[in-house]
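Here is what each chain is made of, one letter per residue.
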Amino acid sequence: QKEVEQDPGPLSVPEGAIVSLNCTYSNSAFQYFMWYRQYSRKGPELLMYTYSSGNKEDGRFTAQVDKSSKYISLFIRDSQPSDSATYLCAMSGGKLIFGQGTELSVKP
Amino acid sequence: NAGVTQTPKFRVLKTGQSMTLLCAQDMNHEYMYWYRQDPGMGLRLIHYSVGEGTTAKGEVPDGYNVSRLKKQNFLLGLESAAPSQTSVYFCASSSPVTPMFAETQYFGPGTRLLVL
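Criteria and thresholds
- Residues numbered from 1 in each chain as written.
- Chains lettered and ligands numbered in written order.
- Predicted model: local features only at pLDDT ≥ 70, side-chain atom pairs only at ≥ 80, totals over all residues.
- Heavy atoms only, no water.
- Core = buried A, V, L, I, M, F, W, Y, C linked by side-chain atoms within 4.5 Å.
- Buried < 20%, exposed > 50% of the residue type's maximum accessible area, 1.4 Å probe, protein only.
- Helix = DSSP H or I, 4+ residues; strand = E, 2+ residues; numbered from the N terminus.
- Pairing = 2+ DSSP bridges.
- Axes fitted to C-alpha atoms, helices over the stretch in contact; angles between N-to-C directions.
- Phe/Tyr/Trp six-rings, centres within 6.5 Å; stacked < 30°, edge-to-face > 60°.
- Contact = heavy atoms within 4.5 Å.
- Nonpolar A, V, L, I, M, F, W, Y, C, P; charged D, E, K, R; others polar.

Peer 1: How would you sum up the nonpolar core? Please name residues and give values.
Peer 2: V4, W35, I72, L74, Y87 and M91 of chain A are the most contacted members of the largest nonpolar core, which totals 25 residues. Taken together, the elements giving at least two residues each to this core come down to β3 (19-25), β4 (32-38), β5 (45-51), β7 (61-66), β8 (71-76), β9 (85-92) and β11 (102-107) of chain A. In this structure, Y32, L88 and L96 of chain A together with Y33 of chain B belong to the second largest nonpolar core, which totals 19 residues.

Dropping the structure here:
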């Protein structure tokens, strides 16, 4: 079993939709949770960073961590075609483990 | 400020050939990393360095060697390439925080390697 599981998609939504991206994990040592965005043929870039449980909001993006369920989410409100990318969750607790990424396409 | 750059962008090798991938960063970061990204596998850490002259093994180090002779450069070597090393290779760098691996990493644009 992988330490971090992420549905690879692809996920296709119309412009303006609310997008929910999720990851589950098995390692209780993970304390730091990140979402990286990766455009096609580019390197990943950090989008959101949270410590422990709770929510964090940044513009149209909200990151949510539920440590009791070992589940993290990234919500994108009013999705735009420019949000089309692969979203990678990542978790840290003595090591950094990435999910396999979810490919998102936002159609105009 | 170029950030993290990688050379080359794309390379085709034959089985058994050797090559070196170069990563350079101009952010004065102490830590540097090499990852490989494969479909369905996410990013996996090959080797990393916590400072000039230091290197350490990551999750998938076999078949690769690294060197960090200068703070701004991190080299990844393949001594005898195998088809299983066909992948996209990403370099990253970061400033140190405690605990390690909780810091923000800055990635380069990647090198696509095909081993025939």
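Peer 1: Explain the sheet that holds strand β3 (residues 19-25) of chain B to me, and be specific about the residues and the numbers.
Peer 2: Residues and elements named next belong to chain B. Taken in spatial order, the 4 strands of this open sheet run β1-β3-β8-β7, and their pairing is antiparallel. Because the sheet does not close on itself, it has two edges, and the strands there are β1 (4-7) and β7 (64-67). Between one strand axis and the next, the sheet turns by 20° as a mean value, whatever way the strands run. Two elements, β1 and β3, share 4 bridges in a ladder whose sense is antiparallel. Paired with T7 across the bridge in β3 is L22.

Peer 1: Tell me about the pairing of β9 of chain A, residues and numbers included.
Peer 2: All names here are of chain A. Among the 8 residues in β9, 7 count as buried, and that is most of the element. Strand direction decides the pairing type here: β4 and β9, joined by 7 bridges, are antiparallel. Paired with Q38 across the strands is T86, a residue of β9.

Peer 1: Report on the packing of aromatic side chains, specifying residues and quantitative values.
Peer 2: Where two aromatic rings form a pair, the distance of their centres and the angle of their planes describe that pair. Applying the stated criterion across every chain yields a total of 13 aromatic pairs over all chains. Arranged with centres 5.6 Å apart and planes meeting at 40°, the rings of Y35 of chain B and F107 of chain B form a pair that is tilted. Pair noted here: Y35 of chain B is in strand β4 (residues 31-38) and F107 of chain B is in strand β10 (residues 106-107), with a separation of 72 residues, a long-range link. An identical accessibility class is assigned to Y35 of chain B and F107 of chain B; each is buried. An aromatic cluster is present here, built from Y36 and F98 of chain A together with Y33, Y35, Y48, F101 and F107 of chain B joined pairwise through their rings.

Peer 1: I'd love a proper account of the sheet that holds β8 of chain A, names of residues and values included.
Peer 2: Residue and element names in this part refer to chain A. Read across the sheet, 5 strands follow the order β1-β3-β8-β7-β6 without closing on themselves; strand pairing throughout is antiparallel. Either end of the sheet is taken by a strand with one partner, and the two such strands are β1 (4-6) and β6 (54-58). Across the sheet, the mean angle from the axis of one strand to that of its neighbour is 15°, orientation sign disregarded. Inspection of the sheet shows β1 paired to β3 by 3 bridges, in the antiparallel sense. Bridge assignment links Q6 to a residue of β3, and that residue is C23.

Peer 1: So what about the interface of chain B and chain A? Which residues, and what values?
Peer 2: Interface size is commonly expressed as the accessible area that is lost once the parts come together. Facing the 19 residues of chain B at the interface are 19 residues of chain A. Secondary-structure elements contributing two or more residues to the side of chain B that touches chain A are β4 and β5 (42-49) of chain B. In the side of chain B that touches chain A, the residues fall into 10 nonpolar, 7 polar and 2 charged.

Peer 1: Tell me about unusual backbone geometry, and please be specific about residues and values.
Peer 2: Looking along the chain, the bond that leaves G9 of chain A and enters P10 of chain A is cis, with omega of 10°. Along the chain, the position of P10 of chain A falls in the loop between β1 and β2 (11-14). For the bond running from T7 of chain B to P8 of chain B, omega is -5°, close enough to zero to count as cis. Non-glycine residue R41 of chain A carries a positive phi angle of around 60°. Structurally, R41 of chain A can be placed in the loop between β4 and β5. Even without a glycine there, the phi angle at S52 of chain A is positive, about 60°. Mapped onto the elements of the fold, S52 of chain A is located in the loop between β5 and β6.

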